[in-house]
Structures are given as C-alpha cells and as structure tokens.
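# Commentary on secondary and tertiary structure
So the chains spell out like this:
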Amino acid sequence: MIAKTWRALSAVSLELLLMMSRVTFRHAARTAALVALACAFASAAACSRGDSAKAYAIGVVPKGTTHEFWKSIHAGAIKAARELDGRGIKVNITWKGPLREDDREQQVQVIEGFLSQGMNGIVLAPLDERALVRPVEEAKRAGIPTVIMDSDLASDQIVSFVATDNLKGGELAADRMGQLLGNKGRVLLLRYQEGSASTTFRENGFLQRMKSAYPGIEVISSDQYAGPTRDTAKRAAENLLNRFGSDLQGIFCVNESSTAGTLLALQDINRAGKIAFIGFDSSQPFIDALQNGQLQGLVVQNPLNMGYLGVMTMVDHLQGKQVERRIDTGVWMITKDNLETAQSQ
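This report concerns the structure included in the present document. (Residues numbered from 1 in each chain as written. Predicted model: local features only at pLDDT ≥ 70, side-chain atom pairs only at ≥ 80, totals over all residues. Heavy atoms only, no water.)

Let's shift gears to the packing of helix 9 (residues 256-268) against helix 10 (residues 284-291). Their axes nearest at 11 Å, the elements helix 9 and helix 10 cross at an angle of 50°. In terms of their interaxial angle, helix 9 and helix 10 are classed as oblique. Crossing geometry of helix 9 relative to helix 10 is assigned as left-handed. The segment helix 9 lies against helix 10, with Glu-256, Thr-259, Ala-260 and Leu-263 engaging Pro-285, Phe-286 and Ala-289. Residue composition of the contact of helix 9 with helix 10, by class: 5 nonpolar, 1 polar and 1 charged. (Axes fitted to C-alpha atoms, helices over the stretch in contact; angles between N-to-C directions. Helix = DSSP H or I, 4+ residues; strand = E, 2+ residues; numbered from the N terminus. Parallel < 35°, antiparallel > 145°, perpendicular 65-115°, else oblique. Left-handed = near helix turned anticlockwise from the far one by under 90°. Contact = heavy atoms within 4.5 Å. Nonpolar A, V, L, I, M, F, W, Y, C, P; charged D, E, K, R; others polar.)

In this structure, Ser-258 sits in helix 9. Using a relative accessible area of 0% as the deciding quantity, one classes Ser-258 as buried. A polar atom in the side chain of Ser-258 sits 3.4 Å from the backbone nitrogen of Val-254. In contact with Ser-258, not counting residues within four places along its chain, are Ala-226, Ala-233 and Cys-253. (Buried < 20%, exposed > 50% of the residue type's maximum accessible area, 1.4 Å probe, protein only. Polar contact = N/O pair within 3.5 Å; in protein donor to acceptor, adjacent residues only side chain to side chain.)

Quick look at the packing of aromatic side chains now. Counted under the stated rule, the structure contains 2 aromatic pairs. Between Phe-69 and Trp-70 the ring centres are 4.8 Å apart and the planes differ by 90°, which places this aromatic pair in the edge-to-face class. The exposure classification of Phe-69 matches that of Trp-70, with both residues buried. Considering the side-chain rings of Phe-206 and Phe-252, the 4.8 Å spacing of their centres and the 35° angle between planes classify their relative orientation as tilted. (Phe/Tyr/Trp six-rings, centres within 6.5 Å; stacked < 30°, edge-to-face > 60°.)

The next thing to look at is the sheet that holds strand 11 (residues 326-328). Taken in spatial order, the 6 strands make up an open sheet running 2-1-3-4-5-11, and their pairing is parallel. With partners counted over all chains shown, the strands left at the sheet margins are strand 2 (90-95) and strand 11, one partner each. Adjacent strand axes in the sheet meet at a mean angle of 20° when their direction is disregarded. Pairing geometry for strand 3 (residues 121-124) and strand 4 (residues 146-149), over 3 bridges, is parallel. Pairing of Leu-124 across the sheet is with Ile-148, part of strand 4. Here helix 3 (residues 68-86) sits on the sheet and contacts strand 1 (55-61), strand 2 and strand 4; the angle it forms with strand 2, its principal contact strand, is near 165°. (Pairing = 2+ DSSP bridges.)

See below:
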C-alpha cells in the first residue's frame with residue numbers, strides 16, 4: 001500500500017515537472033526544484049520496498065556431509081533462511097561440502113567454485129586452519145566475505161567466528177573423568193586429525209586440565225589420531241585397546257566419528273561400560289549408550305544454533321550492520337543423570 005502511494009505521488013510529480021518545463025526559460029529554477037522533488041519521491045518509493053527485493057546467495061560449506069553434526073548445521077542454516085524470508089529478506093542457501101572430513105582439496109575447490117557462481121557470502125567450517133586461508137582470502141579480494149563456523153581459521157580476513165568454546169569442552173571432559181575415577185587411574189586421549197583447530201582446542205583443554213587438576217590420573221596415550229570416519233576411528237581404537245586395554249580406566253574422544261568408532265571397538269570386546277568413556281557430540285546411538293551405561297558422559301554443542309547464527313551473521317554483515325568478531329554457541333556436559341533436563345534436549 002505504501003509503495004503504491006509513493007509510485008502514484010512520483011507519477012504526479014513527474015507529470016507536473018513536464019508541464020512546468022514547457023514554461024519559458026525564466027522558470028528554470030522552478031523546473032530544477034521540481035526535478036529534485038520528483039527524484040526524491042521516486043527514491044522514497046524504492047526505499048519503501050526495503051531489502052525485501054534483495055536476494056542474498058550464501059554458500060554454506062561444512063567439513064563433511066554425512067555426520068549428524070553437519071546435518072544439524074544444515075538445518076540451522078535453513079532455519080535462518082526461512083526466518084529471514086518471513087521478514088521479507090530472501091536468502092538462497094547453497095549447501096556443499098566434501099564427503100570425507102579429510103578431503104581438504106575438495107573443500108578448497110568448493111570455495112573456488114563459489115567465486116564464479118555469484119555468491120554474496122560464504123559460511124565455512126574449515127577442515128584445516130591453514131589450508132583454507134588462501135581460498136578465503138581470495139574470496140575476500142573478489143568481494144565475497146566469509147563467516148567461519150565450528151573450527152577456526154588462521155586468518156584475520158574473516159567477518160566473524162561462530163563456534164563452541166572448544167577449550168572449555170575439553171576441560172569439561174577432564175572434570176567428568178576426574179569425577180568418575182576419583183583422581184586416580186590411567187586414561188587415553190584419542191585425537192581426531194591434524195589441522196583441525198576445533199578438536200585441537202578440545203584435546204589441549206583436556207590435557208591441560210588433567211595435568212593441573214587431576215595429577216593422580218596418568219594420560220598414557222595422547223598422540224594417536226582417529227582419522228575422518230567411524231571406520232578409521234574404530235581401527236585406531238582397536239589398536240590402542242590391544243596395547244593398553246588390560247590396564248586402562250578411561251578414554252576421551254573428541255568428536256562424533258571418533259566417539260562412534262571407539263564405542264563399536266569397546267562393544268566388540270565386551271568392554272563397553274567397564275571403562276569410563278567420555279565422547280563429544282550427540283547422536284541417537286550415543287544417547288542409547290548413555291542410558292545403558294556404555295558412555296559416562298558426552299560433551300555436546302549446539303550445531304543447529306551454529307548454522308543458524310552463521311547465516312544470520314553473514315546477512316547482518318551484508319546489510320552493513322556491525323557484527324561480533326567471536327560468537328560463542330555454547331557447550332555443556334550431559335550424563336545419564338541430567339539427560340532429561342531442558343538443556344540436554
């Protein structure tokens with residue numbers, strides 16, 4: 001209704017302008033004033049439509065596309081797009097990432113492909129904190145900004161970092177382990193993969209807190225990597241259990257795939273529930289394992305919120321709004337005892 005009114009006023013003003021311009025040259029000043037008035041009306045009419053006429057194309061790039069964590073990230077991105085559409089802001093999400101969480105080259109190719117596809121912005125969970133620096137900085141030089149989510153990037157050429165406090169996540173795991181073992185025993189840490197900043201912070205948080213707060217617990221292995229999939233994690237866990245299993249009281253895994261693979265390895269040798277096992281991230285099999293005593297703790301994030309805030313932050317930036325450089329999406333410990341609380345749902 002407002003836009004129609006402005007267009008009508010603009011049309012009247014332009015007609016008046018044409019009539020007045022037919023008058024003699026001595027009325028030039030009046031004509032100039034009417035031109036300014038007509039332009040002002042036309043501009044106001046355009047402004048009344050706001051940003052609703054603008055469609056933002058945003059590429060969302062996960063580390064992988066198979067794990068439940070990334071599916072939740074995707075759902076959060078779609079939730080943001082729908083909410084923005086309800087406000088009259090059109091956002092087209094392109095979801096594209098590598099199948100395996102160790103395929104750095106494919107993730108680089110996705111970013112490079114977006115440079116020629118008319119993207120307005122990119123929301124990226126980098127597989128490697130250094131390998132993705134070049135394509136992200138090339139995107140910026142091409143006028144395409146990037147919001148980083150989940151795992152940090154070694155660059156200051158980004159809009160914002162939307163993620164869990166991963167150091168705190170590792171500390172929560174250490175505190176749970178210390179509680180379970182009473183500050184005595186032998187435990188191992190199964191890392192994820194080199195170059196992943198998010199899991200490196202979790203690993204560091206766990207080791208630092210164990211050393212400072214639980215000196216009676218010995219970390220007997222912390223240099224082995226699970227790799228990108230549940231299967232590679234299972235093989236790594238089997239090797240560690242064969243080596244240390246006879247005198248091992250606790251295990252901490254730092255992401256979904258390493259937790260899944262280690263759980264399978266423990267189940268295969270009938271040790272699930274007999275070793276204090278703390279994982280990271282959530283899935284239905286993990287919840288079942290918590291309930292039946294095969295997992296004693298899960299450090300959980302909020303991937304839905306991460307995907308949502310990643311897209312919302314990018315759109316705010318594209319609209320010229322000030323955004324925070326670091327956005328914490330939350331992290332907490334769930335156990336069998338607090339599984340039914342509101343926060344754990």
